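# Working through the structure, step by step
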Amino acid sequence: MVKEALDSEKFHYVYRKDLGYYTVNIDEPYWDRQKKQMRHRYKMVGKSSIKGGPIEFGPSYRAIRAQRGYIDALSASTTIYEGELLLLQHIAQELGLGRILTKVLGKEDAKKVLALASYVVCTHEPLSYAAPWLEARGLGHLGLEAPRISELLPTFTADRQNSFFSLWLKEKASSEALCYDITSVSSYARDNDLIEYGYNRDHEHLRQINLALVSNKHTSLPLWYAPLPGSLNDTKTLKKLVLEMKKLDVGSFSLIMDRGFYSKENLEFLVRAAIKFMIPIPSTVEWQKRLILENRATMFTNVEGYIPTEEGTMLQSLTVYKPFEDGERAWLHIYYDSTIRSHAEQEFMAYYKQCFDEFSSGELDPTHQDFYNEYFRKGYKTKNGQKVIPKKDPVEVFREDTAGYWCLYTTSEKDAKAALEVYRERSEIEQLFDDLKNSLDCNRLRVHTKAGMQGRLFIQFIALILLSELKRHIREQHELLAKYGNHKAILMRVASFSSIRFQGKYKELYSAPTKAQEIIFDTFGVEYPKNE
């Protein structure tokens, strides 16, 4: 009876490349009154890892079949998609991430955190949609439906997170160079005192929080984060970072920062705290301009300071010893790029001509008034229009400009070439922010309470750890993995690797891995299950 009923239902398998498995559909014919003919409507009822293979039916179709008495046959097997989790769980194990989470949160909560973080890495979707994805991967028993997730997030309190950071930093940050930066994350939430208006790095007119992030310079591994008030200026966060690192018992470390953290007070604070640093100096700082003008005449003849670039051009560099008043050694590395200066000169010439034409015609732009006052004055009128007399020679003005020059100030590296190489590695933290906001669905915070937000960010942070390590491994194994695409494509490649679990005494069966899946698993060192 059951077999006959199943045989009478024709299933259509359609491969979905974006999902990595077959969707299974049934044909529902109906009479079209307008066209006066039979038409066909296909309805998705389940999915399968292989064409014509066992079907994992959806809940609505299972309910319909159960009413007809066919549920036993349909429940005989369950397909579990294991490929993505095999990869991410291996990464978590290699990092010791699961061990530390278990020690801090307990076994059950650690499993839930890793499950949700894996979901975020693989789907980039909101947590409220996680339940079906987790169930298809054998994690339905964790009970992570949307209401349960909302209850779970506030339990990841600041104290529990600090316990995690303490252990994580001790293992991954001791005696290392750390990159520190801040980004802004917008939110529509109202019941959160951290969400305020402030400088938005994405140029959005929305309330926001600031998110501070620390990563390991050598491995790009995320190490620590903290939500900060949305109106807080970057320069005011540095002391908080150092105090947090001390509280978490982090050993000696040095900091690599961007120019937004520069202030005389901040640098003197780092010197007193015996923390080495490297930071670019803002172009508006007068003592930097003075040193550039004093030393740039000798840069061309300083052949030892020439630095080839990937674009085939040559940078010039020069190091000036500039210790602190208390005697702490420090070096200012000056760099010059003629290409940047050439572009700046073209932009200045275009702006000069635009303002000249505006001043001559009388059609003034109020935002350019300071430039008019500095460079032009009116002469006599002619039949062709207003005569404009330049106050300054733009060639001489630009000659005194420092466009094309920039400086790194550091207490940790006295060689200009080595300092530039170290600072360029800092770009990885900007990639982490890009991943966090674009690849991991953190461009908008959809939680409304402060406690819920802290828990949500913790899940995002764990996902960022998994993603950064996944991408690092792909970079290091570029020759073997390049043909399979980026991290998204690689996760999609392994997604269809699955197991089929039967009721009763039958053994679990595994799908045969494709050649690509074998290479990816072997490259990562993943031991995947095989049929006996």
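You'll find the structure just up there.
A brief structural summary. None of the values given here were measured: they were computed from a predicted structure.

## Some words on the packing of helix α4 (residues 83-95) against helix α6 (residues 107-123)
The geometry of α4 relative to α6 is characterised by a closest axis approach of 11 Å and an angle of 120 degrees between their N-to-C directions. Comparing the axis directions of α4 and α6 gives the class oblique. Pair α4 / α6 crosses with right-handed handedness. Between α4, through Glu-84, Leu-85, Leu-88 and Ala-92, and α6, the contact on the second element is made entirely by Leu-114, Ser-118, Val-121 and Cys-122. Taken together, the residues of the contact of α4 with α6 sort by class into 6 nonpolar, 1 polar and 1 charged.

## Details of the nonpolar core
In this structure, Phe-164, Tyr-180 and Trp-224 are the most contacted members of the largest nonpolar core, which totals 111 residues. When residues in this core are grouped by element, the largest group, 13 residues, is from helix α18 (residues 450-476). Among residues more than four places away in sequence, those in contact with Phe-164 are Leu-97, Ile-100, Leu-101, Val-104, Phe-458, Phe-461, Ile-462 and Ile-465.

## Examining the pattern of salt bridges
The final tally for this structure, using the stated rule, is 13 salt bridges. Among the ionic pairs, Glu-84 bridges to Arg-137, the shortest N-O distance being 2.8 Å. Separated by 53 residues along the polypeptide, Glu-84 in helix α4 and Arg-137 in the loop between α7 (130-136) and α8 (146-152) bring together distant segments of the chain. In this structure Glu-84 comes out as buried when scored by relative accessible area, which is 7%. Three or more residues are tied together by salt bridges with common partners; here these are Glu-469, Arg-472 and Glu-476.

## Quick look at the side chain of Ser-496
Note on placement: Ser-496 falls in the loop between α20 (487-494) and β18 (498-502). On the accessibility criterion, Ser-496 (17% relative accessible area) is buried. Apart from the residues lying within four places of it in its own chain, the contact partners of Ser-496 are Gly-20, Ser-49, Tyr-81, Ser-511 and Gln-517.

## Quick look at helix α21 (residues 515-524)
Of the residues making up α21, those classed as buried are Ala-516, Gln-517, Ile-520, Phe-521, Thr-523 and Phe-524. One face of α21 carries all of its buried residues, which in axial projection span an arc of 165 degrees. Residues Lys-515 and Asp-522 are exposed on α21 and point more than 90 degrees away from its buried face. Buried residues in α21 make contact with α4, α18, α19 (478-481) and α20.

## Section: the sheet that holds strand β1 (residues 11-16)
In space, the 4 strands of this open sheet follow the order β1-β2-β3-β4, with antiparallel pairing throughout. Of all strands in the sheet, those with a lone pairing partner are β1 and β4 (56-57), marking the two edges. Summarising the sheet, strand β2 (residues 21-32) and strand β3 (residues 37-48) pair through 11 bridges and their orientation is antiparallel. Within β3, the position partnered with Tyr-22 by the bridge is Ser-48.

About the cut-offs
- Each chain has its residues counted from 1, following the order in which its sequence is written.
- Under the rules for a predicted model, residues below a pLDDT of 70 receive no local features and side-chain atom pairs below 80 are neither given nor counted, while totals for whole chains, interfaces and linings still include all residues.
- The basis for every side-chain value is the complete set of non-hydrogen atoms in the structure, without hydrogens or water.
- Every axis in this analysis is a line fitted to C-alpha atoms, fitted for helices over the stretch in contact. Angles between the N-to-C directions lie between 0 and 180 degrees.
- The helix count covers DSSP runs of H or I at least four residues long, the strand count covers runs of E at least two residues long, and both are numbered beginning at the N terminus.
- Note on angle classes: values under 35 degrees are labelled roughly parallel, values over 145 roughly antiparallel, values of 65 to 115 roughly perpendicular, and the remainder oblique.
- Crossing handedness follows the turn of the near helix against the far one: under a right angle anticlockwise gives a left-handed crossing, and clockwise gives a right-handed one.
- In this analysis, two residues are considered to be in contact whenever any of their non-hydrogen atoms come within 4.5 Å of each other.
- Under the scheme applied, nonpolar residues are Ala, Val, Leu, Ile, Met, Phe, Trp, Tyr, Cys and Pro; charged residues are Asp, Glu, Lys and Arg; polar residues are all the others, including Gly.
- Note on terminology: a nonpolar core comprises buried Ala, Val, Leu, Ile, Met, Phe, Trp, Tyr and Cys residues joined through side-chain atoms within 4.5 Å.
- In this scheme, a residue with accessible area under 20% of its type's maximum is buried, one over 50% is exposed, and one in between is partly exposed, where area comes from a 1.4 Å probe on protein chains only.
- In what follows, salt bridge is the name for a side-chain nitrogen of Lys or Arg lying within 4 Å of a carboxyl oxygen of Asp or Glu.
- The arc in question is formed by the directions pointing from the helix axis toward the C-beta atoms.
- Whether two strands pair comes down to DSSP finding at least two bridges between them.

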